[in-house]
Amino acid sequence: MTSATGTPAYRRLSVEERRAQLLEAALSLFAHRAPEEVSLDDVAEAAGVSRPLVYRYFPGGKQQLYEAALRTAADALEQCFAEPPEGPLTTRLARALDRYLAFVDEHDMGFAALLQGGSVVETSRTTAIVDGVRRAAAAHILAHLSATGPGPRLRMTVRMWITSVEAASLIWLDEDKQPPLNDLRDGLVDQFLAILTAAATRDPETAEAVRRALTLEPPDGPVAGLVRRVLGLTDEGAHLQ
């Protein structure tokens, strides 16, 4: 929008727009610097506003701003595992991991600080936000397995894998982002199938979840063949041993 003289016209931002602008600036800083290394002056400069304006929207100062930025990041992470309930399980997992790992790649320093803790701005509220992301991710995965009211073994298997994904992401950052993201993603999908299949040999509920997942995989594909061999299924898909 321009004025009659051809110069850009100033547009006052709404409360929601200004708050979003400040959060975006804070997230961009927290993405590449540890939280304790970011000041309100840094956020104000990144957003192109004054320090008092930052305080106007976040009167609790840096702690309130950090928690709000963390909540925004958590909302994005929680949605990474949301996928339409259709198609092969492995394809859905791969797409979810692509989004998750892209977030890790973009917010490397902030992601590491978020999961490793130890920040001077860490509180019980920030810890609860992080735990909420893990629980939401597990809920999405259980939904992909069509597990209604899952039992403790299946829940534990899925939550253990979510922990493995976090650990692998941190190691990937520590290893200078190697191997390539596609390799990391495929390895995590394979790992999920492996631990799920292993759990299925001891837990009927998990075995049934695996059998449901198999019906969506290509019958002559490598995933179906591997799972059938491990679980003792015949080529015709006989019952689990």
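Please refer to the structure higher up on the page.
Described in the following lines is the structure provided in the data block. (Residues numbered from 1 in each chain as written. Predicted model: local features only at pLDDT ≥ 70, side-chain atom pairs only at ≥ 80, totals over all residues. Heavy atoms only, no water.)

**Some words on the overall build of the protein chain**
- Secondary structure summary: the protein chain contains eleven helices and zero strands in total.
- Of the regular secondary structure in the protein chain, the N- to C-terminal order runs α-α-α-α-α-α-α-α-α-α-α.
- Among the 241 residues that make up the protein chain, the fraction classed as buried is 44%.
- In the protein chain, the proportion of contacts linking residues at least 24 apart, taken out of those at least 6 apart, comes to 64%. (Helix = DSSP H or I, 4+ residues; strand = E, 2+ residues; numbered from the N terminus. Buried < 20%, exposed > 50% of the residue type's maximum accessible area, 1.4 Å probe, protein only. Contact = heavy atoms within 4.5 Å.)

**A closer look at the nonpolar core**
- Phe 81, Tyr 100, Ile 141, Leu 145, Trp 161 and Phe 192 are the most contacted members of the largest nonpolar core, which has 64 residues in total.
- Of all the elements, helix H4 (residues 62–80) adds the most residues to this core, at nine residues. (Core = buried A, V, L, I, M, F, W, Y, C linked by side-chain atoms within 4.5 Å.)

**Regarding the environment of Thr 126**
- As for its placement among the helices and strands, Thr 126 is situated in helix H7 (residues 124–144).
- Judged by relative accessible area, which is 4%, Thr 126 ranks as buried.
- Taking the C-alpha atoms as reference points, Thr 126 and Gln 63, 63 residues apart in sequence, are found 9.8 Å from one another.

**Here we look at helix H8 (residues 152–174)**
- Here H8 spans 33 Å end to end across 23 residues, near enough to the 33 Å set by a 1.5 Å rise per residue.
- Where H8 is concerned, the buried positions are Leu 154, Thr 157, Val 158, Trp 161, Ile 162, Val 165, Glu 166, Ala 168, Ser 169, Trp 172 and Leu 173.
- One or two steps after H8, the chain reaches Asp 176, where phi turns positive at roughly 55°. (Expected span 1.5 Å × (residues − 1).)

**Quick word on the pattern of salt bridges**
- Under the defined criterion, the tally for this structure stands at twelve salt bridges.
- With a closest N to O distance of 2.8 Å, Arg 135 and Asp 131 form a salt bridge. Of this pair, Arg 135 and Asp 131 are both found in helix H7, four residues apart, which corresponds to roughly one turn of the helix.
- Judged by relative accessible area, which is 46%, Arg 135 ranks as partly exposed.
- The class for Asp 131 is partly exposed, based on a relative accessible area of 27%.
- The partner of Arg 134 in a salt bridge is Glu 166, and the shortest N-O contact between them spans 2.8 Å. Taken together, the positions of Arg 134 in helix H7 and Glu 166 in helix H8 put the pair 32 residues apart, joining distant regions of the chain. (Salt bridge = Lys/Arg side-chain N within 4 Å of Asp/Glu carboxyl O.)

**Comments concerning the packing of H8 against helix H9 (residues 181–200)**
- Remark: H8 packs on H9, axes separated minimally by 10 Å, with the N-to-C direction vectors making an angle of 155°. Taken together, the axes of H8 and H9 are roughly antiparallel relative to one another. Crossing geometry of H8 relative to H9 is assigned as right-handed. For the pair H8 and H9, the contacting residues are Leu 154, Thr 157, Val 158, Trp 161, Ser 164, Val 165, Ala 168 and Trp 172 in the first and Leu 181, Leu 184, Leu 188, Gln 191, Phe 192, Ile 195, Leu 196 and Ala 199 in the second.
- The residue makeup of the contact of H8 with H9, split by class, is 13 nonpolar, three polar and no charged. (Axes fitted to C-alpha atoms, helices over the stretch in contact; angles between N-to-C directions. Parallel < 35°, antiparallel > 145°, perpendicular 65-115°, else oblique. Left-handed = near helix turned anticlockwise from the far one by under 90°. Nonpolar A, V, L, I, M, F, W, Y, C, P; charged D, E, K, R; others polar.)

**Quick notes on the packing of aromatic side chains**
- If you walk through the whole model with that rule in mind, you get four aromatic pairs.
- An aromatic cluster is defined as three or more aromatic residues linked by ring pairs; in this entry it consists of Phe 81, Tyr 100, Trp 161 and Phe 192. (Phe/Tyr/Trp six-rings, centres within 6.5 Å; stacked < 30°, edge-to-face > 60°.)

**Re the packing of H4 against H7**
- Direction vectors running N to C along H4 and H7 enclose 5°, while the axes themselves pass 10 Å from each other. In terms of axis orientation, H4 runs roughly parallel to H7. Of the residues in H7, those in contact with Gln 63, Tyr 66, Glu 67, Leu 70, Arg 71, Ala 74, Leu 77 and Glu 78 of H4 are Arg 125, Thr 126, Ile 129, Gly 132, Val 133, Ala 136 and His 140.
- Taken together, the residues that form the contact of H4 with H7 break down as seven nonpolar, four polar and four charged.

**As for helix H5 (residues 89–106)**
- Given a rise of 1.5 Å per residue, 18 residues ought to cover 26 Å, and the 26 Å separating the end C-alpha atoms of H5 matches this to within 8%.
- Listed in full, the buried residues belonging to H5 are Leu 89, Thr 90, Arg 92, Leu 93, Ala 94, Ala 96, Leu 97, Tyr 100, Leu 101, Phe 103 and Val 104.

**Notes on unusual backbone geometry**
- Across the junction of Gln 178 and Pro 179, the peptide omega takes the value 5°, indicating a cis bond.
- Within the fold, Pro 179 resides in the loop between H8 and H9.
- Its identity is not glycine, yet Ser 146 carries a phi of approximately 55°, on the positive side.
- Looking at where Ser 146 falls in the secondary structure, it is placed in the loop between H7 and H8.
- Even without being a glycine, Asp 176 presents a positive backbone phi close to 55°.
- The topology assignment puts Asp 176 in the loop between H8 and H9.
- The exposure class of Asp 176 is exposed, given its relative accessible area of 66%.

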